[in-house]
Amino acid sequence: MTIRNTLRDHGQRYRPRIACLKKAEKVLLEMQDPKTGVKSQPQRLVITTIPHAITGEDILSWLADRFQIDTQEARNFGSMLVALGYIYPLQDHKRLVIKPDASLYRFQTPYFWPTQQWPVEDTDYAIYLAKRNIRKKGILELHEQEQYNRLHKWMNHKWDFIVMQAKEQYRAAKERKKPDRVVFDCQERAYWVVHRPPPGTVSAMDYGLDRRIDPNADEEKTPDFYGRIMIFTQQSIMRPRVKSSVSIGALVKYCATYNGHDPFLSKCLPSNPWITDDITYWNLNMPNVEIPTKMRVERWTFSFGELLSDPRGRDDFRLFLKKEFSGENLAFWEGCEDLKWGTAATMREKAEQIYKSFLARGAPRWINIDGKTMEITVNGLKHPHRYVLDAAQTHIYMLMKKDSFGRYLKSPVFKDTLKKAVCPEEHKYSDAQLEQNAKNRRPSLSPIVLRQQEKEHRAKMAANAPVDITQLCRYTTPVPHLAVYSGISDFPSANASPSLPFLAHSPACPSPISVALDSTSASERRAEAGEGGAAGIPEARAPAAGSVSRSCMPLSLRRLLKRGCTPSTMFASLSPKYHSAAGTSSRIQPISPDQPSQAPPRRIGNFFQIKVDIPPECRIYPIESEDEDEEENRAASRGGVGAKEIICPWESLTPQNGTG
Amino acid sequence: MPLVNNKVGDDCTVGTDKALADGEALLQSLIKVVACYRHLASCVGGCTDSLQLRDELRQTREKAQKLAASICHHLTSHLRDKSLPEEQRKEMELLWVAFSSSLELLHVDMCKVFSMGDIFSLANTATLVQTGLQGGGSEVAARALSLPDLNQALTPTPAAGLESQERSTMEQEISQIDHMIDDMEMKVNVLRWMVEPHGPQYADPLSSADSASLALLSVDEEQPAQQPLCQRKQIFAFLLLFTVVLLASTLSVCIVLFS
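Residues numbered from 1 in each chain as written. Chains lettered and ligands numbered in written order. Predicted model: local features only at pLDDT ≥ 70, side-chain atom pairs only at ≥ 80, totals over all residues. Heavy atoms only, no water.

1. Topic: the overall build of chain A
Looking only at helices and strands, one finds 28 helices and 4 strands in chain A. Put simply, chain A has 660 residues, and 48% of those count as buried. When the accessible area of chain A is evaluated, it comes to approximately 33900 Å², of which 58% is carbon and sulfur surface. (Helix = DSSP H or I, 4+ residues; strand = E, 2+ residues; numbered from the N terminus. Buried < 20%, exposed > 50% of the residue type's maximum accessible area, 1.4 Å probe, protein only. Areas by Shrake-Rupley, 256 points an atom, 1.4 Å probe, with all protein chains shown as cover.)

2. A word on the overall build of chain B
Along chain B, the regular secondary structure elements total 7 helices and 0 strands. The buried share among the 259 residues of chain B stands at 45%. Within the structure as shown, chain B displays about 13700 Å² of accessible surface, and the carbon and sulfur contribution to it stands at 62%.

3. Describing the interface of chain A and chain B
Size of an interface: often given as the accessible area lost when the parts come together. Counting residues at the interface gives 70 residues for chain A and 69 residues for chain B. A combined buried area of about 7100 Å² lies between chain A and chain B, and 59% of that area is made up of carbon and sulfur atoms. Along the contact surface separating chain A from chain B lie 4 salt bridges. Across the pair Arg143(B) and Glu175(A) runs a salt bridge, and its minimum N-O distance is 3.8 Å. Linking chain A with chain B are 13 residue pairs in polar contact (both at pLDDT 80 or more). It is helix α6 (residues 159-175) of chain A that provides the largest number of residues to the side of chain A that touches chain B, a total of 15 residues. (Contact = heavy atoms within 4.5 Å. Buried area = accessible area lost by both parts, 1.4 Å probe. Salt bridge = Lys/Arg side-chain N within 4 Å of Asp/Glu carboxyl O. Polar contact = N/O pair within 3.5 Å; in protein donor to acceptor, adjacent residues only side chain to side chain.)

4. Things to note about the packing of aromatic side chains
Scanning all chains against the criterion turns up 24 aromatic pairs over all chains. Note on Tyr125(A) and Tyr128(A): the rings are 6.3 Å apart at their centroids and 25° apart in plane angle, and the pair reads as stacked. One end of the pair is Tyr125(A) and the other is Tyr128(A), both in helix α4 (residues 122-135) and 3 residues apart, which spans about a single turn. Tyr125(A) gets classed as buried once you look at its relative accessible area, which sits at 1%. For Tyr128(A), a relative accessible area of 4% puts it in the buried group. A network of ring pairs unites the aromatic residues Phe304(A), Phe317(A), Phe320(A), Trp333(A), Tyr397(A), Phe405(A), Tyr408(A) and Phe414(A) as a single cluster. When the ring centre of Tyr125(A) is taken as reference, the NZ or CZ atom of Arg196(A) above it lies at 5.3 Å. One residue, Lys112(B), lies across the ring of Tyr111(A), its end atom 4.7 Å from the ring centre. (Phe/Tyr/Trp six-rings, centres within 6.5 Å; stacked < 30°, edge-to-face > 60°. Lys NZ or Arg CZ within 6 Å of the ring centre and 35° of its normal.)

5. Notes on the confidence of the model for chain A
Residues and elements named next belong to chain A. Residues of chain A with pLDDT of at least 70 account for 69%, and the chain-wide mean is 75. Ranking the elements of chain A by mean pLDDT puts helix α22 (residues 482-486) last, at 38, and helix α9 (residues 244-258) first, at 95. Within the model, the stretch residues 469-552 combines pLDDT values under 50 with 201 contacts to residues more than four positions away or in other chains. (pLDDT = per-residue confidence, 0-100.)

6. As for the sheet that holds strand β3 (residues 87-89) of chain A
All names here are of chain A. Across the sheet, which stays open at both edges, the 4 strands sit in the order β1-β2-β4-β3 with antiparallel pairing between neighbours. Whereas interior strands pair on both sides, the edge strands pair on one side only; in this sheet they are β1 (41-44) and β3. Taken over all neighbouring pairs, the strand axes of this sheet differ in orientation by 55° on average, direction set aside. The pairing of strand β2 (residues 49-55) with strand β4 (residues 104-107) spans 2 bridges and is classified as antiparallel. Directly across from isoleucine 54, in β4, lies its bridge partner tyrosine 105. Contacts between helix α7 (residues 178-195) and the sheet are confined to β2, β3 and β4, with β3 contributing the most and set at about 105° to the helix. (Pairing = 2+ DSSP bridges. Axes fitted to C-alpha atoms, helices over the stretch in contact; angles between N-to-C directions.)

7. Some thoughts on the nonpolar core
If you look at the biggest cluster of nonpolar residues, it comprises 117 residues, and the most contacted ones within it are Met31(A), Ile59(A), Ile87(A) and Phe99(B). Looking at this core, the element that brings in the most residues is helix α3 (residues 86-119) of chain B, giving 15 residues. (Core = buried A, V, L, I, M, F, W, Y, C linked by side-chain atoms within 4.5 Å.)

8. Observations regarding the pattern of salt bridges
Inspection of every chain in the model, using the stated rule, returns 38 salt bridges over all chains. Salt-bridge contacts for Asp416(A) lead to Lys420(A); the nearest nitrogen and oxygen are separated by 3.7 Å. In this pair, Asp416(A) and Lys420(A) both sit in helix α19 (residues 412-420), 4 residues apart, roughly one turn of the helix. A salt bridge links Lys18(B) to Asp22(B), with the nearest nitrogen and oxygen atoms 3.3 Å apart. Of this pair, Lys18(B) and Asp22(B) both sit in helix α1 (residues 11-41), 4 residues apart, which is roughly one turn of that helix. A relative accessible area of 54% means that Lys18(B) is categorised as exposed. When salt bridges with common partners are traced through the structure, they connect Glu168(A), Arg171(A), Glu175(A) and Arg143(B) into a single cluster.

9. Describing unusual backbone geometry
All names here are of chain A. Between leucine 269 and the following residue, proline 270, the backbone shows a cis peptide bond with an omega angle of -10°. Tracing the chain through its elements places proline 270 in the loop between α9 and α10 (273-276). Even without being a glycine, histidine 52 presents a positive backbone phi close to 60°. Positive phi is not limited to glycine here, since aspartate 92 has a value of about 55°. Here aspartate 92 shows up in the loop between β3 and β4.

10. Description of α19(A)
Because the α-helix completes a turn every 3.6 residues, residues three or four places apart line up on one side. Residues and elements named next belong to chain A. Every buried residue of α19 is listed here: Val413, Phe414 and Thr417. Mapping the buried residues of α19 onto a view down its axis gives an arc of 95°, with all of them on the same face. Among the exposed residues of α19, those oriented more than 90 degrees off its buried face are Pro412 and Lys419. Summarising the contacts, the buried residues of α19 are in contact with α12 (294-300), α14 (311-324) and α18 (390-410). (Arc of directions from axis to C-beta.)

11. A few points about the packing of helix α2 (residues 56-67) of chain A against helix α3 (residues 71-84) of chain A
Packed helix pairs are specified by the crossing angle of their axes together with the interaxial distance, meaning the distance between the axes. All names here are of chain A. Where α2 contacts α3, the two axes come as close as 9 Å, and the packing angle between them is 110°. Taken together, the axes of α2 and α3 are roughly perpendicular relative to one another. When the axes of α2 and α3 are compared, the crossing they make is right-handed. Residues Leu60, Leu63, Ala64 and Phe67 of α2 form the contact with α3, whose participating residues are Ala74, Arg75, Phe77 and Gly78. (Parallel < 35°, antiparallel > 145°, perpendicular 65-115°, else oblique. Left-handed = near helix turned anticlockwise from the far one by under 90°.)

12. Structural notes on the packing of α14(A) against α19(A)
All names here are of chain A. Interaxial distance between α14 and α19 falls to 9 Å at its minimum, and their mutual angle equals 145°. Two secondary-structure elements touch here, α14 through Arg312, Asp316, Leu319, Phe320 and Lys323 and α19 through Val413, Phe414 and Thr417. Within the contact of α14 with α19, the residues separate by chemical class into 4 nonpolar, 1 polar and 3 charged. (Nonpolar A, V, L, I, M, F, W, Y, C, P; charged D, E, K, R; others polar.)

13. Some remarks on the side chain of Asp316(A)
Note that Asp316(A) resides in helix α14. Asp316(A) has contacts with Trp300(A), Tyr408(A), Val413(A), Phe414(A) and Thr417(A), leaving out every residue within four places of it along the chain.

14. Observations concerning the side chain of Gln165(A)
Mapped onto the secondary structure, Gln165(A) falls in helix α6. Every residue in contact with Gln165(A), bar those within four places of it in the chain, is listed here: Ile127(A), Ile31(B), Val34(B), Ala35(B) and Leu105(B).

15. Overview of the confidence of the model for chain B
Low-pLDDT portions of the prediction should not be read for the details of their coordinates. Residue and element names in this part refer to chain B. For chain B, mean pLDDT is 78; residues scoring 70 or higher make up 78% of the total. A low-confidence stretch, residues 219-228 stays under pLDDT 50, and its non-local contacts, those more than four residues away or across chains, total 15 contacts. Interface scoring of the predicted complex returns ipTM 0.77; its pTM is 0.56.

Spelled out as structure tokens, the structure:
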């Protein structure tokens, strides 16, 4: 029994609007009109005749006539009316279709029409099943039996009532004349076939989830209601507007481009699996297929988004970028996607990982984004959330789209793929073969299995992550990429070589963490210090530091001059190969080579390790706020600080530096 | 529902026994009326819909409401009585559950009849759906009202304004039932999951003869088209069997004669 407590009741129980019901009712009323509707005839049974039976072919011809449609369409329409329960078949009552022959149907009484207002109650179903059992014991089918038992378990408290009501309804029915009784029985049976379909059949009344609010109820005009309308209209006003010629042109272009690729509008090669039950199409278009189809490859050329959204396309693109040594862009983009769509539990770690791999100074796969974006991102990473890397991701996406995509389409990788792409022949199945296919239908892999496969694949990909060949330490100058970050032009890039962006790419070692662990703390710190020290001065600095900035400029220049070789030494020390090559600064920069001789723990006061001493507002900014002297002092004091990892700037203040 | 035959000659329990029996009888009749109302409601909007049907519906409804009111009063007063012994309380709760369920059914049926009356007005008989029914619901109504004769004393009054009047009365009645249900919930707290029914899971078939004929009817409906074919096949088989038997008998007779 429903206790109608609408205040505290948050259950979902209203059926969504089934708009076709009203329309079907109208059609039915027309159909049953004795003068202009479907011709009816009496049904002859052994004992009696019952009027108002209609044949299937009459229905179909009437429908075709009334709506000016062809027979197939009329058949579909008629079957829909039967499936919804407005007409029921007299023979073969379990199959709710219209047969275009002389099989008989009858109109359902309005009491049993499907409605939205009153859901179909289990109590009624229980009464119906009990009634049938009373009439003849053991007549219930297997699924009905199961339902009966289930209802008996769940509505146990009402069971006496149900049985009594069933008996009373049965007795009341006996009072009626025989033909009427038969008709009523048929009506009720048809009603329950529609609303409690036997297993394995598809019900037309399948409407999905229940709604929280009643779609038929009028909405109260509360202030909240008007508030919502106001917000909606305001947003509509603020929507950007486009000239219709432009928007229509875009639509036309879209339709023209995608017309050949739409399985509804044009052929699906080799054949549409939903129609012919042949899954070649799906096999050929699997996400990780070796050789894609021509249509698929053509689709990649439509837009960059298409290329990226297709896993095979993305693989191809990744290969191309690997050859071009700019794979970090795509990797960063994928990392951002992972962050955006991933679970909330791992978000923090993912953000950190991405920062360390791509955005931090000294990151192994440093991406080239402008200073403003980097600033915003790093600011946001203090409190990481799902969309914190959005700006950077958009920037990189645009970069790839404008730059790499064009080159990809002209590249040999793509041309090769296009040449190898397969164009399958169209299947031509006869009816018998179609039936055979339908019989041989097999279920596909369970989604659990698929997900596991995907996970393994991803793990494999991660394990074989390409050592980023962009880390061209030998070929790049170690000049810190400050000019990129800070955007401050006052720092003369005289000493900075033009190939700034490649600075942060450490040599072959992939992760700064392992690298850092390998190397001596001093050298790393020095290196980081060098980078940090040379890093530019972000604009949004604490005002207190502002005064220092100007003085820092020459300081940093000096530092750079002093530190010029440091990156090289860092690289040198970090890379196992280069241990011997320490001090070979000749290729790097024409800076005084006396660098390496300096005492190792010169200054630790760098970007990453200031968390103990430096006030929080300066933490995310490069060390420019301090004097070199201060740094040296601090360095001395903090000689033994053991943070060997790149510590993310948003890490909370902990006395221990252990956590990365 | 089995009658409680409590032969204990206790004064206080006798009173409650009687109350229980009363309640049961009332409930039985309410259930009967609700069942009949449902049968009548299924005719609304069909080709047998008429003023008479609506009238019968109204009468049945009124009877149901009277019964409902009395049962409500009866059960509420007894269940609120704290001094009721445990067994009696259980029985009362059972009655309560049955009563509330039948009220719900009645409520739904009334709402349906109300909205169908909206759509299928009797003024336009062409829109009444040809459902194949021929007779009206007079017998059912008679059963509901416990009148022995089929002839209803009242003739249907074909007043034009009656329909709208009826509709407003109906609305009132529906809201009355609504309130009754709500009231019941408020006044008495019956824990439905504690209520255990007495009856069996499967109701026994009531009368086999009638059920057989009805079953035959439905079977007929199932395969009327296939019947002639079956019959022909059967006739052929019988003929064949007959000739074989005849042959065998003549042969045996010959053997007997000539041996």
